[in-house]
Amino acid sequence: MSKCFYAVIALSVSCTLITPSVKASELTEKEVTTYIINEINAYRASLKLKLVQTNDETCDFAKIRAAEIATDFSHEGFNRRAKAGKLPYKHWHVITENIAMTSDYKEVEKMWEHSPGHAKNMRDNTIYVCVVRHGKYFAYLGMTP
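Remember, predicted model here, so these are calculated numbers, not experimental data. (Residues numbered from 1 in each chain as written. Predicted model: local features only at pLDDT ≥ 70, side-chain atom pairs only at ≥ 80, totals over all residues. Heavy atoms only, no water.)

### A look at the overall build of the protein
Of regular secondary structure, the protein possesses five helices and five strands. Mapped from its N terminus to its C terminus, the protein presents α and β elements in the order β-β-α-α-α-β-α-α-β-β. A total of 145 residues make up the protein; the buried ones form 50% of that total. For the protein, the share of sequence-separated contacts (at least 6 apart) that also reach a separation of at least 24 residues comes to 70%. Here the protein has roughly 7,400 Å² of accessible surface; of this, 54% comes from carbon and sulfur atoms. (Helix = DSSP H or I, 4+ residues; strand = E, 2+ residues; numbered from the N terminus. Buried < 20%, exposed > 50% of the residue type's maximum accessible area, 1.4 Å probe, protein only. Contact = heavy atoms within 4.5 Å. Areas by Shrake-Rupley, 256 points an atom, 1.4 Å probe, with all protein chains shown as cover.)

### Overview of helix α2 (residues 56–71)
Taking 1.5 Å as the rise per residue, α2 with 16 residues should run 22 Å; its terminal C-alpha atoms sit 24 Å apart, in good agreement. Among the residues of α2, Thr58, Cys59, Phe61, Ala62, Arg65, Ala66 and Ile69 are the ones counted as buried. All buried residues of α2 fall inside an arc of 160° around its axis, so they share one side. Facing away from the buried side of α2 by more than 90 degrees, the exposed set consists of Asp56, Lys63 and Thr71. At its buried positions, α2 is contacted by α3 (76–84), β3 (94–101), β4 (128–134) and β5 (137–144). (Expected span 1.5 Å × (residues − 1). Arc of directions from axis to C-beta.)

### Digging into the state of the cysteines
For the structure on display, the rule yields one disulfide. Each sulfur of the disulfide joining cysteine 59 and cysteine 130 lies 2.2 Å from the other. A torsion of 95° about the S-S bond marks the disulfide between cysteine 59 and cysteine 130 as right-handed. With cysteine 59 in helix α2 and cysteine 130 in strand β4, this pair connects stretches of sequence that are 71 residues apart. Grouping residues by exposure puts cysteine 59 and cysteine 130 together as buried. (Disulfide = S-S within 2.5 Å.)

Quick look at the structure:
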């Protein structure tokens, strides 16, 4: 397993790489997103934290980031936008990003849960979260206006 963690003022980001054997090609992207968000909310509920919900802003950006990390598995696109003030959110107070690479969508939340940087992002006070898959790449974007 390979991990990397980056921090930028007012946000935190993490990434994990693992390649299990189960494939997610049979499910729609919405079903994969729903499954992972439900797992994130189960994790948050176990810690007595508020549940997150998706919104168009986070899902649109997660789609962009998932496609970007398929060609450059890093937080560069996120960090560059954050530093330049070019995030596609109208207003934000807290922002987070997790990325993962795996062929098994059912492992994504657990991978993040067992990684300190990823888990911190899932526990963060971001009320809007979306996770999008692009092939075997997953982008988690969280935001609080």
